[in-house]
Amino acid sequence: MTVKIDWENLGFSYMKLPYRYLAYYKNGKWEQGVLTEDATLHVSESSPALHYGQQAFEGLKAYRTKKGTIQLFRPDENAKRLQRTADRLLMPQVPTELFMDACKEVVKANQDYVPPYGTGATLYLRPLLIGIGDIIGVKPAEEYIFTVFAMPVGNYFKGGLQPTNFLIQDEFDRAAPNGTGAAKVGGNYAASLLPGKTAKSKGFSDVIYLDPATHTKIEEVGSANFFGITANGQFMTPKSPSILPSITKYSLLYLAEHRLGLTPVEGDVFVADLDQFVEAGACGTAAVISPIGGVQHGEAFHVFYSETEVGPVTKRLYDELTGIQFGDIEAPEGWIVPVELD
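Residues numbered from 1 in each chain as written. Predicted model: local features only at pLDDT ≥ 70, side-chain atom pairs only at ≥ 80, totals over all residues. Heavy atoms only, no water.

On to the overall build of the chain, then. Scanning the chain from terminus to terminus reveals 7 helices and 18 strands. If you line up the chain on its principal axes, its C-alpha atoms span 55 × 50 × 35 Å. Expressed as a percentage of the 342 residues in the chain, the buried residues total 54%. (Helix = DSSP H or I, 4+ residues; strand = E, 2+ residues; numbered from the N terminus. Buried < 20%, exposed > 50% of the residue type's maximum accessible area, 1.4 Å probe, protein only.)

Once that is clear, we can look at the UniProt feature "modified residue: N6-(pyridoxal phosphate)lysine" (unreviewed entry) in the chain. The UniProt feature table records "modified residue: N6-(pyridoxal phosphate)lysine" (unreviewed entry) at Lys184. As for its position among the elements, Lys184 is in the loop between β9 (164-168) and α4 (186-190). Classification of Lys184 as buried rests on a relative accessible area of 10%. When near neighbours in sequence (up to four residues on either side) are disregarded, Lys184 contacts Ala56, Phe57, Glu58, Gly59, Arg81, Thr85, Tyr189 and Leu244. (UniProt positions renumbered as here; feature names shortened; annotations may be inferred. Contact = heavy atoms within 4.5 Å.)

Bringing the environment of Pro264 into the picture now. With respect to the secondary-structure elements, Pro264 resides in strand β14 (residues 263-267). Each C-alpha atom of the pair Pro264 and Gly281 lies 15 Å from the other, and the pair is 17 residues apart in sequence. For Pro264, the contacting residues outside a window of four places in its chain are Phe235, Leu253 and Glu257.

Counted according to the given criterion, the structure contains 13 aromatic pairs. Ring plane angle 90° and centroid distance 5.7 Å describe the contact between Phe73 and Trp335, whose orientation is recorded as edge-to-face. Residue Phe73 is located in strand β6 (residues 70-73), and its partner Trp335 is located in the loop between α7 (312-325) and β18 (336-339); the two are separated by 262 residues in the primary sequence. Here Phe73 matches Trp335 in class, with each residue buried. (Phe/Tyr/Trp six-rings, centres within 6.5 Å; stacked < 30°, edge-to-face > 60°.)

Time to look at a nonpolar patch on the surface. A cluster of nonpolar residues, Leu41, Val43 and Leu50, forms a patch on the protein surface that exposes about 250 Å² of accessible area. Looking at the element boundaries, Leu41 is found in the loop between β3 (34-36) and α1 (48-51). (Patch = residues over 30% accessible without salt bridge, like charges linked within 9 Å, V, L, I, M, F, W, Y side chains within 5 Å. Areas by Shrake-Rupley, 256 points an atom, 1.4 Å probe, with all protein chains shown as cover. Salt bridge = Lys/Arg side-chain N within 4 Å of Asp/Glu carboxyl O.)

The geometry of a pair of packed helices is captured by two quantities: the angle between their axes and the separation between those axes. Across the interface, helix α6 (residues 247-258) lies against α7 with an axial gap of 10 Å and an inter-helix angle of 110°. Relative to α7, the element α6 lies roughly perpendicular. Pair α6 / α7 crosses with right-handed handedness. In contact with Thr248, Ser251, Leu252, Leu255 and Ala256 of α6, α7 contributes Leu317, Glu320, Leu321 and Ile324. The residue makeup of the contact of α6 with α7, split by class, is 6 nonpolar, 2 polar and 1 charged. (Axes fitted to C-alpha atoms, helices over the stretch in contact; angles between N-to-C directions. Parallel < 35°, antiparallel > 145°, perpendicular 65-115°, else oblique. Left-handed = near helix turned anticlockwise from the far one by under 90°. Nonpolar A, V, L, I, M, F, W, Y, C, P; charged D, E, K, R; others polar.)

Where helix α2 (residues 75-88) contacts helix α3 (residues 96-109), the axes come no closer than 9 Å and their chain directions differ by 125°. With respect to their mutual orientation, α2 and α3 come out oblique. Read as a crossing pair, α2 and α3 show a hand that is right-handed. In contact with Pro75, Asp76, Asn78, Ala79, Leu82 and Gln83 of α2, α3 contributes Thr96, Phe99 and Met100. Split by residue class, the contact of α2 with α3 holds 5 nonpolar, 3 polar and 1 charged.

As enumerated under the stated definition, the model contains 7 salt bridges in all. The salt bridge partner of Lys80 is Glu77, with a shortest N-O separation of 3.4 Å. With Lys80 and Glu77 both in helix α2, this residue pair falls 3 residues apart, about one helical turn. For Lys80, a relative accessible area of 37% corresponds to the partly exposed category. Asp319 is the salt-bridge partner of Lys315, the closest N and O atoms lying 2.8 Å from each other. Of this pair, Lys315 and Asp319 both sit in helix α7, 4 residues apart, which is roughly one turn of that helix.

A few words on the domain arrangement of the chain. Domain assignment breaks the chain into domain 1 (20-153) and domain 2 (164-326). Summarising the inter-unit geometry, the C-alpha centres of domain 1 and domain 2 are found 26 Å apart. Every contact between the two is made by 26 residues of domain 1 and, on the other side, 21 residues of domain 2. In total, domain 1 and domain 2 occlude about 1800 Å² of area from one another, counting both sides; carbon and sulfur atoms represent 62% of this. Summed over the three residues of domain 1 that lose the most area to domain 2, namely Phe57, Phe73 and Arg81, the buried surface amounts to 32% of that side. Remark: the boundary between domain 1 and domain 2 carries 0 salt bridges. (Domains from an automatic or database assignment. Buried area = accessible area lost by both parts, 1.4 Å probe.)

Next comes the structure, spelled out in structure tokens:
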């Protein structure tokens, strides 16, 4: 089937595709999942996911290679992160095999919507785990839905690999100490809507959040992780129990060391020490790598490499990562999972 889509001008928005995966957890076990054409979830009005936020999600992508094959990038790590989030919210874990099979089935069923190689676009997968059923008290659900749907997407931040500016806001916290910051739950993102809207109304791409305890250290960049590159070749990212452990970030930490010869450092990144970075960026599955041109903090505006040009190390990291994802560069063992097509 030929799909008429302007692949090279896709944004990051929802598109209803023919198939999605759906599985129910009932009576203490997961039932056999199925592919369905029904894009509507039918749940009780008293489902804990709706009232108390007992829900979790993931994000990963499928990539078309030059040979026309399709592959996933580290989906087992997404499965593990969803399992950790499930534990935090007292939800049943989605077994890794179930998670992987669901993703593969959705990609295979919607293979005509995996963008062609060379367009820069990908097929974005959204696994979702929600608590359902007739529960009105504050307690875990007894039944759950696990679903995976997909859509072709372009760049998350407008302009792609172009530097953009961000705003540090002291008056908002992304997550509380010892809260759910390290879990991929919807409530974290709902709380980010207001500060994100404020930043965008002032001409910035998004907010950079500081640590909630002292407001002296960088934690996250909107819905992505922060990294900075020092003049002496360190690749630094923040470390905190409130930060979502980005699969992209940990991939970049590995690639920075083993492919680029940089020194990986995961630790405190103080706002007062931004001058140590000659380049900086945001990274994540949706964002991939978004170079940070400058950050506004109070009355001060700090520029890293440039507001208009991508730094050389950031560009090398981007090329290495995307080269692996699209099959042009050999991947570290276990990072790539092929999707078998008919």
